[in-house]
Amino acid sequence: PRPGSCCATLYEQFWQGRRHRGRQRTLRAIMANLAARVGVLGMRQCPPRTPSAAWRANRSGSGPHRPGTSLGFRNRGTSVPTASRLRQGRSRLLTQLAADISWSSASVEKKEQVGKDRFKFILDVGSDLAQGYTIPGQYVQVRSDEEQKPAFIALANAPAHQSSLVEMVIKTNDGTAGALCALGEGAEVDVSPVMGKGFPVEERAPLDTCKDVYLIATGTGIAPIRALINSGALNIKNRDSVALLYGYKDKDHCAYSEEFGAWEEMGIKLSSAESEGPDGIYVTDILTKEKLENPESVVAIIAGQWELAGTIEEYFKEQGVPEGRVLTNF
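Only a predicted model underlies this, so the values are computations on that prediction, with no experimental measurement involved.

### Quick look at the overall build of the protein
Assigned secondary structure in the protein consists of 11 helices and 13 strands. When each of the 330 residues of the protein is scored for burial, the buried share is 46%. For the protein, long-range pairs separated by at least 24 residues make up 75% of all intrachain contacts whose partners lie at least 6 apart in sequence. When the accessible surface of the protein is summed, it comes to about 17800 Å², and 49% of that surface belongs to carbon and sulfur atoms.

Okay, here's the thing in structure tokens:
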């Protein structure tokens, strides 16, 4: 296309979009999922925007096009957001949607270090709140002070209707998660109701069509994957194959390694990817080396880095895996 032309701009936007579409798709999924909960959280929905008179005139062809515009739209160049802007927008949206949460008090029953910078907590949240946990992959918001921005933490235990206890893994940082990790046993924290769609395996990964399952976890994302494995919802024995790809920095940052043997006895093929280990590999390196003999039967269940879902979707599309076979808990 001629440099500076409308076609050239669209051409550049197209290729910019290809490079970033994994992140964009994941962000759209997050925003759609959270927007669906606006009514549940009691938040005020924004009224629909009314097009301006100038826009309507240009759209109908009766108004003059302004310089540097196409059909009345201002040409702003590429509109693909950076990774930093995506994270900032996601953070603002999550904070806004958390504003009207009905908080409950929970006590720290047990705290145990399960990695160099992460801790396992068992909280007593009360039977009423615990009964809201029905699907592996669901999460809660947690804070140690009402002035803090809450941390979104996936639950690591399988749903148990007869217990008021929930388990989670928290990675320390300079924010709310760090404040939570500094607490000791007996401390009180604020916990939201259980949220999220979890991993709807029966609906999205039925036995008759999804015989080959890839569980993909990075960092503390192993927690909701553990909940799914231990819940029995996967029906592992009746699948052709179930593989767990677990990515972490190194052995000092690996949680639940003591359960690997039990998972393998269930029939799960376990592969670890240490990004800062001797080989320096990632879960995507392992997955792309897998030979998908029957793409029609493949499904992936992902937890951890939220950008990972878009990458896996693109790879599955190239391999001929049916659309919608990437499950996330957000």
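Moving on, there is more to tell.
### Regarding unusual backbone geometry
Glycine aside, a negative phi is what most residues show, and trans is what most peptide bonds show. Positive phi, close to 55°, is recorded for Asn235, a residue that is not glycine. Even without being glycine, Tyr256 reaches a positive phi, approximately 65°. If you trace the backbone, Tyr256 turns up in the loop between β10 (241–248) and α9 (260–266). A relative accessible area of 2% places Tyr256 in the buried class.

### A closer look at the sheet that holds strand β11 (residues 268–274)
An order of β11-β10-β9-β12-β13 is seen for the five strands of this open sheet, with the pairing classed as parallel. Sheet topology places β11 and β13 (326–328) at the edges, where each strand pairs with a single neighbour. If you compare each strand with its neighbour and ignore which way they point, the axes differ by 20° on average. The sheet contacts of helix α8 (residues 222–231) involve β9 (212–218), β10, β11 and β12 (298–303), and relative to β9 the element is tilted by about 145°.

### A word on the nonpolar core
Of all hydrophobic cores here, the largest spans 32 residues; its most connected members are Leu215, Ile222, Ile225, Leu234, Leu244, Tyr246 and Ile301. Only β9, α8, β10, α9, β11 and β12 provide two or more residues apiece to this core. Counting 26 residues, the second largest nonpolar core, distinct from the first, contains Ala106, Phe119, Leu129 and Ile170.

### Observations concerning the pattern of salt bridges
Across all of its chains, the model carries six salt bridges by this definition. A salt bridge links Glu259 to Arg226, with the nearest nitrogen and oxygen atoms 3.0 Å apart. Taken as a pair, Glu259 in the loop between β10 and α9 and Arg226 in helix α8 lie far apart in primary sequence, 33 residues in all. Taken individually, Glu259 and Arg226 each receive the classification buried, so the pair is uniform in this respect. Bridged by salt links that share partners, the residues Glu167, Arg226 and Glu259 form one connected network.

### Quick notes on the side chain of Asn157
Of note, Asn157 is situated in the loop between β6 (151–154) and β7 (165–171). The class for Asn157 is buried, based on a relative accessible area of 13%. Polar side-chain contacts of Asn157 include one of 2.8 Å to the backbone nitrogen of Glu167. Residues in contact with Asn157, not counting those within four places in the same chain, are Tyr133, Leu165, Val166, Glu167, Arg226 and Ala227.

### Thoughts on the pairing of β11
Counting buried positions along β11 yields five of seven residues, so the element is predominantly enclosed. Relative to β11, β10 runs parallel, the two sharing seven bridges. If you follow Ala243 over to β11, its bridge partner there is Lys269.

### Re the sheet that holds β7
If you trace the six strands from one edge of the open sheet to the other, you get β6-β5-β8-β3-β4-β7, paired in antiparallel fashion. What marks the edges here is a single partner per strand, and that holds for β6 and β7. On average, each strand axis in the sheet is tilted by 45° relative to the strand beside it, whichever way the strands run. For strand β4 (residues 118–124) and β7, the ladder comprises seven bridges, and the chain directions are antiparallel. By the bridge assignment, Phe121 is partnered in β7 with Met168.

### Let's talk about helix α11 (residues 308–319)
Its 12 residues place the ends of α11 17 Å apart at the C-alpha level, agreeing with the 16 Å of an ideal helix rising 1.5 Å per residue. Following α11 by one or two positions, Gly320 has its phi on the positive side, about 85°.

### Focus on the packing of aromatic side chains
The tally for this structure, following the rule as stated, stands at five aromatic pairs. Residues Tyr246 and Tyr248 carry aromatic rings whose centres are separated by 4.8 Å and whose planes lie at 65° to one another, so their mutual orientation is edge-to-face. Every member of this aromatic cluster is reached through a ring pair, and the members are Tyr246, Tyr248, Phe260 and Trp263. Lys111 extends its terminal NZ or CZ atom over the ring of Phe119, reaching a point 4.7 Å from the ring centre.

### A look at the confidence of the model for the protein
Averaged over all residues, the pLDDT of the protein equals 81, while 70% of them reach at least 70. Low confidence marks residues 7–11, where pLDDT is under 50. Its contacts with residues over four positions away, or in another chain, come to six contacts. Here residues 36–49 is a poorly scored stretch, pLDDT under 50, and it has 15 contacts once near neighbours within four places are set aside; other chains count.

Calculation rules
- Residues numbered from 1 in each chain as written.
- Predicted model: local features only at pLDDT ≥ 70, side-chain atom pairs only at ≥ 80, totals over all residues.
- Heavy atoms only, no water.
- Helix = DSSP H or I, 4+ residues; strand = E, 2+ residues; numbered from the N terminus.
- Buried < 20%, exposed > 50% of the residue type's maximum accessible area, 1.4 Å probe, protein only.
- Contact = heavy atoms within 4.5 Å.
- Areas by Shrake-Rupley, 256 points an atom, 1.4 Å probe, with all protein chains shown as cover.
- Pairing = 2+ DSSP bridges.
- Axes fitted to C-alpha atoms, helices over the stretch in contact; angles between N-to-C directions.
- Core = buried A, V, L, I, M, F, W, Y, C linked by side-chain atoms within 4.5 Å.
- Salt bridge = Lys/Arg side-chain N within 4 Å of Asp/Glu carboxyl O.
- Polar contact = N/O pair within 3.5 Å; in protein donor to acceptor, adjacent residues only side chain to side chain.
- Expected span 1.5 Å × (residues − 1).
- Phe/Tyr/Trp six-rings, centres within 6.5 Å; stacked < 30°, edge-to-face > 60°.
- Lys NZ or Arg CZ within 6 Å of the ring centre and 35° of its normal.
- pLDDT = per-residue confidence, 0-100.

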